[in-house]
Amino acid sequence: MERIRLGNTVFEGRNNAYFLPGDRPTLVDAGVATDSVRRDLREGLAAAGHEVADLEAIVLTHWHADHAGLAAELQAESGAPVYVHADDAGIVAGDPDAIAAERSIRERRFDEWRIPGEPRAEVTDYLDGHDDLRGGRVDVTPVEDGDRIAAGDGELEVVHLPGHAAGLSAFAFDGERGAGREAYVGDVILPKYTPNVGGADLRVDRPLETYLDSLARLADLDFERAWPGHRDPISDPAGRARVIAEHHRERTERVVSVLDEHGPTDAWTVSAHLFGDLSGIHILHGPGEAFAHLDHLVAEGVVSPPDGEGRYELLDADPDFDELVAVPETKR
Ligand SMILES: [Zn+2]
Ligand SMILES: [Zn+2]
């Protein structure tokens, strides 16, 4: 397997594609549709002695432009099927209904979160201005949890781990060192920083709970190594899942203390207390993250549902945080 580093500077920062040579040359993730990333990808394939036309399968971890953007043109050139989880298939395909549905949820959430006019216009411009990074329409082959895809000289098993995105999936395989399973994990877990939850895919119901369930499942699968969508391989994926869950427990505590200190507060204001001033994509990610935590606290009865002004009120100032945010046990 070859890791191909993509120097994407416009969206979410540098990311990785992975090339699997063999009986069925396969690419995992495709990068944003920009000239420089297009060049990086071609050079990476050339370094492995291949070209785009050789690809027989393209596998995407999720719909975000930094993972799916070039899929359309790679498919046009190679004729390879593009596999992605069914929950993300419509957006990756470029289906106008799926894209319109995502937009309308976005508008509704921005209302609910009480994002003021100016930052709201800024982030809407940002999102619309980056639309072309998503590339053209793709003929998608949808997959589900447990499906197996022939890839390279072996196969990839689809492991649906939603949260950061509705269809986000890892692809598990037998490790090259013959010592247990490894997985391409996209943005399920990342080294150094925690993937955004709540803003990165507005279609996800109960985003924090959904994501925590995925972290628990990932920890339980106890992969030998994980190959993330950004940065370097993760040598203890279960341990990393645990650290990210602990981070969310701390953030939940901070959200409770913001409501305790300031009284009933909307998601935008909670975000300002957590993250300060935001610009660009963070105007989506900040209040999205605040919302994910508030929504979880509402479901657990710690916070009231938002009132007519979008404000959440603290009902229990001293909840059991260990119970609210389960941190997975790890076996090592
Ligand atoms: Zn992502
Ligand atoms: Zn990403």
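Everything numeric here is computed off the predicted structure, so don't read it as measured data. One numbering rule holds for all chains: residues counted from 1, following each sequence as written. Lettering for chains starts from A, numbering for ligands starts from 1, and both go in the order in which the items are written. Given that this is a predicted model, residues contribute local features only at a pLDDT of at least 70 and side-chain atom pairs are listed and counted only at 80 or more, while totals for whole chains, interfaces and linings are drawn from all residues. The side-chain figures draw on all heavy atoms in the structure; neither hydrogens nor water molecules are used.

### Description of helix H5 (residues 96–113)
For clarity, the cut-off: For the purposes of this entry, the term helix denotes a DSSP run of H or I that reaches at least four residues, the term strand denotes a run of E that reaches at least two, and both are numbered from the N terminus. Here the expected span of a helix is defined as 1.5 Å times the quantity of residues minus one. For this analysis, residues touch if any pair of their heavy atoms sits within 4.5 Å.
In this model, H5 (18 residues) spans 26 Å end to end at C-alpha, consistent with the 26 Å of a helix rising 1.5 Å per residue. Buried residues along H5 sit in contact with helix H4 (86–93), helix H6 (117–129), strand S12 (265–266), helix H9 (267–275) and helix H10 (282–299). The first or second residue beyond H5 is Arg-114, which carries a positive phi of 65°.

### Brief notes about the domain arrangement of the protein
Heads up, the rule is: Residue ranges for the domains originate in an automatic or database domain assignment. A simple way to read buried area is as the amount of 1.4 Å-probe accessible surface that goes missing from two parts once joined, with both sides added. In what follows, salt bridge is the name for a side-chain nitrogen of Lys or Arg lying within 4 Å of a carboxyl oxygen of Asp or Glu.
Domain boundaries assigned for the protein yield domain 1 (2–101 + 131–237) and domain 2 (242–324). Each of domain 1 and domain 2 has a C-alpha centre, and these two points are 30 Å apart. Of the residues lining the interface, 17 residues belong to domain 1; the matching set on domain 2 comes to 16 residues. Across the domain 1 to domain 2 interface the summed buried area is about 1,400 Å²; carbon plus sulfur atoms make up 67%. Its largest share of buried area at the contact with domain 2, domain 1 owes to Thr-194, Arg-206 and Leu-208, together 37% of the area lost on that side. The tally of links between domain 1 and domain 2 comes to one salt bridge. A salt bridge links Arg-206 to Asp-295, with the nearest nitrogen and oxygen atoms 3.7 Å apart.

### Structural notes on the coordination of the zinc ion (ligand 1)
Rules: We call an atom a donor if it is N, O or S and sits within 2.8 Å of the metal, or 3.2 Å for Na, K and Ca. Water is not counted, so some sites may look partial. Between 85 and 135 degrees for all angles marks four donors as tetrahedral; over 155 degrees for opposite donors together with 65 to 115 for all other angles marks four donors as square planar and six as octahedral; every other arrangement is irregular.
Donor atoms from the polypeptide that bind the zinc ion (ligand 1) are His-62 (NE2), His-64 (ND1), His-164 (NE2) and Asp-187 (OD), placed at 2.1 to 2.3 Å. Relative to the metal, the four donor atoms surrounding the zinc ion (ligand 1) lie at angles of 88 to 173°, and the coordination shape comes out irregular. Along the chain, the residues donating to the zinc ion (ligand 1) fall in the pattern H-x1-H-x99-H-x22-D.

### A few points about the environment of Gly-310
Relative to the elements of secondary structure, Gly-310 occurs in the loop between H10 and strand S13 (311–312). Once the C-alpha coordinates of Gly-310 and Glu-102 are considered, the two residues, 208 residues apart in sequence, prove to be 21 Å apart. Each residue touching Gly-310, except ones within four places of it in the same chain, is listed here: Glu-112, Arg-114, Thr-265, Asp-266 and Ala-267.

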